[in-house]
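Spelled out from the first residue to the last, the chains are:
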Amino acid sequence: MARMTGRRLLLAAPVLLVVTFGVFAVAAASPFDPVKAYAGTAGLTASQETLDQLRANLGVDQPLVPRWWEWLTSAATGDLGDSSVMRRPVADVITERLGWSVLLATTAFVLAILLGTALGVAAARRPGGPLDRCVSSAAYTLEAAPAFWLGLLAIWFFALRLGVLPAGGLTDSGSDIVTFGQVASHLVLPAAVLGVSQMPWFYLYVRQGVADALGEDPVRGARARGLSERTVLLGHAWRSGMLPMLTLIGSRVPELITGALLIETVFSWPGIAAATVEAATSVDFPLLAALTVLATAAVLIGNLFSDLLYGLADPRVGFDG
């Protein structure tokens with residue numbers, strides 16, 4: 001396990017280097033002018049000399065490679081630079097917003113895994129039965145439904161029509177303090193929508209895996225020995241059927257990040273979504289590079305985590321092979 005983790009970490013370094021360079025290259029080729037975005041309306045009447053000085057102050061007058069290398073060496077020492085659009089250090093912007101994004105994504109991911117696993121196991125007991133047909137139809141429908149559309153539908157039904165849950169934000173309107181109760185109530189809708197949007201893949205993998213396991217010889221042998229259906233399902237078929245789902249955890253991280261950005265925007269959740277959009281549209285090099293590195297690192301960690309889980313669940317898989 002340690003050797004595999006070490007190899008993955010070594011391979012992650014060049015991947016992150018390529019990703020950060022790609023961010024700066026794409027931003028440099030973008031038609032958006034970061035100086036005009038930074039200056040706002042004042043840039044419309046500013047002289048060319050003022051704009052050139054501002055360009056030098058922001059460091060965007062340098063060629064691509066020196067600008068990327070300067071950011072990279074500073075980031076290696078913990079200095080992520082200053083955000084031109086937020087007018088604050090990048091580290092402060094990320095620290096302030098990342099925790100709320102992690103809370104939303106983690107809650108939604110856990111909900112998707114638990115709900116998808118429970119429904120998948122229940123549906124696999126009787127393939128083609130009423131529960132299987134209903135849940136599978138709903139899963140295929142949710143697969144095709146955009147996350148932002150589900151969010152708008154949830155706001156209309158639960159917040160506007162029923163009035164049982166807040167429509168967005170982190171706290172109640174007019175409140176100047178953040179309490180656990182307010183955060184919990186405001187978290188319900190965005191986490192539920194994001195979790196439901198991710199649930200179909202877990203459900204389909206678990207349903208197929210458990211259904212296949214129920215037809216294998218060890219499971220038929222367990223039934224022939226007179227074991228109860230509950231023991232056969234949870235003690236034999238469930239573990240075997242869960243193995244394919246474990247590999248899905250890492251591959252769903254990119255989709256989870258994308259969905260979280262959309263959901264945060266729809267529900268005005270104070271995560272990194274707004275910062276990501278503003279960094280992209282304003283060509284904010286330091287903030288855009290830092291956020292991209294975070295997303296890439298999350299994907300790499302997710303893939304490593306799913307491989308470790310698979311190896312722990314199936315002793316036949318060698319970590320160091």
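The paragraphs below set out a description of the structure included in this document.

Moving on, we come to the overall build of the chain. In terms of regular secondary structure, the chain is built from 13 helices and two strands. For the chain, with 321 residues in total, the buried portion stands at 38%. If you sum the accessible surface of the chain, you get close to 16,900 Å²; carbon and sulfur atoms cover 66% of it.

With that out of the way, let us pick up the layout of surface pockets. If you add up the space inside the largest pocket, you get close to 650 Å³. Counting residues per element, the ones that place at least two in the lining of the largest pocket are α5 (90-125), α11 (253-266) and α13 (285-313). Ranked by residues supplied to the lining of the largest pocket, first place goes to α13 with nine residues. Across the lining of the largest pocket, the residue classes tally to 19 nonpolar, five polar and one charged.

Time to look at the packing of aromatic side chains. The full count for this structure, using the stated rule, is six aromatic pairs. Considering the side-chain rings of W100 and W269, the 6.3 Å spacing of their centres and the 90° angle between planes classify their relative orientation as edge-to-face. In this pair, W100 is assigned in helix α5 and W269 in the loop between α11 and α12 (273-281), connecting sequence segments 169 residues apart. By relative accessible area, which is 26% here, W100 ends up partly exposed. On the basis of relative accessibility, which here comes to 4%, the residue W269 falls in the buried class. Aromatic side chains F157 and F158 sit 5.0 Å apart centroid to centroid with 90° between the ring planes, which places their arrangement in the edge-to-face category.

The next point concerns α5. Under the 1.5 Å per step criterion, the end-to-end length of α5 is 51 Å for 36 residues, consistent within 8% with the ideal 52 Å. Of all the bends in α5, the greatest measures close to 35° and is centred on R97.

With that settled, consider the packing of α5 against helix α8 (residues 180-214). Contact pair α5 / α8: the axes reach a minimum separation of 4 Å and the direction vectors enclose 35°. When the axes of α5 and α8 are compared, the crossing they make is right-handed. Taken together, the residues of the contact of α5 with α8 break down into 27 nonpolar, six polar and two charged.

With a phi close to 55°, S268 is a non-glycine residue in the positive phi region. Within the secondary structure layout, S268 lies in the loop between α11 and α12.

Closest axis-to-axis distance for the α5/α11 pair is 10 Å, and the angle between their directions is 115°. Considering how the two elements wind past one another, α5 and α11 form a crossing that is right-handed. Note on element contacts: α11 touches α5 through L256, A260, I263 and E264, opposite S101, L104, A105 and F109.

The final tally for this structure, using the stated rule, is two salt bridges. R88 is paired through a salt bridge with E96; the nearest N and O atoms lie 3.3 Å apart. In this structure, D132 and R207 form a salt bridge, with 2.6 Å as the shortest nitrogen-oxygen distance. Of this pair, D132 sits in helix α6 (residues 130-144) while R207 sits in helix α8, placing them 75 residues apart in sequence. By relative accessible area, which is 16% here, R207 ends up buried.

Before going further, it helps to examine a nonpolar patch on the surface. There is a patch of nonpolar side chains on the surface, built from F148, W149, L152, L153, W156, F157, F158, L160, L162, V164 and L262 and spanning about 1,100 Å² of accessible area. Per-element tally for the nonpolar patch: the top contributor is helix α7 (residues 147-161), with eight residues. Judged by its relative accessible area of 45%, W156 falls in the partly exposed class.

Another aspect to go through is the nonpolar core. Within soluble globular proteins, side chains that are nonpolar generally end up buried alongside one another. Among the nonpolar cores identified, the biggest contains 44 residues, and L104, L194, F202, Y203, M245, I249 and I263 are the most heavily contacted of them. Ranked by residues supplied to this core, first place goes to α8 with 14 residues. Here L104 is in contact with L187, P190, A191, L194, A260, I263, E264 and W269, once residues within four sequence places are set aside. Judged by nonpolar contacts, the second largest core, of 20 residues, contains F24, W71, A275 and L291.

With that settled, consider the environment of L262. Summarising the element assignment, L262 is placed in helix α11. L262 sits in the partly exposed class, given a relative accessible area of 38%. Each C-alpha atom of the pair L262 and F148 lies 5.9 Å from the other, and the pair is 114 residues apart in sequence.

Attention now moves to the environment of A211. Considering the arrangement of structural elements, one finds A211 in helix α8. Taking the C-alpha atoms as reference points, A211 and P127, 84 residues apart in sequence, are found 7.3 Å from one another. Residues within four places of A211 in sequence aside, it is in contact with A124 and P127.

Turning next to α7. Counted at 1.5 Å a residue, the expected span for α7 with its 15 residues is 21 Å, and the 20 Å between its end C-alpha atoms agrees. Buried within α7 we find A147, L150, G151, A154, I155 and A159. One or two steps after α7, the chain reaches G163, where phi turns positive at roughly 70°.

Rules of the game
Residues numbered from 1 in each chain as written. Predicted model: local features only at pLDDT ≥ 70, side-chain atom pairs only at ≥ 80, totals over all residues. Heavy atoms only, no water. Helix = DSSP H or I, 4+ residues; strand = E, 2+ residues; numbered from the N terminus. Buried < 20%, exposed > 50% of the residue type's maximum accessible area, 1.4 Å probe, protein only. Areas by Shrake-Rupley, 256 points an atom, 1.4 Å probe, with all protein chains shown as cover. 1 Å grid on protein atoms, 1.4 Å probe; cavity = no way out; pocket = protein on both sides within 12 Å on 5 of 7 lines; lining within 4 Å. Points joined across faces, edges and corners; volume = space filled by probe spheres on them. Nonpolar A, V, L, I, M, F, W, Y, C, P; charged D, E, K, R; others polar. Phe/Tyr/Trp six-rings, centres within 6.5 Å; stacked < 30°, edge-to-face > 60°. Expected span 1.5 Å × (residues − 1). Bend = angle between axes of the 7 residues up to and from the residue. Axes fitted to C-alpha atoms, helices over the stretch in contact; angles between N-to-C directions. Left-handed = near helix turned anticlockwise from the far one by under 90°. Contact = heavy atoms within 4.5 Å. Salt bridge = Lys/Arg side-chain N within 4 Å of Asp/Glu carboxyl O. Patch = residues over 30% accessible without salt bridge, like charges linked within 9 Å, V, L, I, M, F, W, Y side chains within 5 Å. Core = buried A, V, L, I, M, F, W, Y, C linked by side-chain atoms within 4.5 Å.

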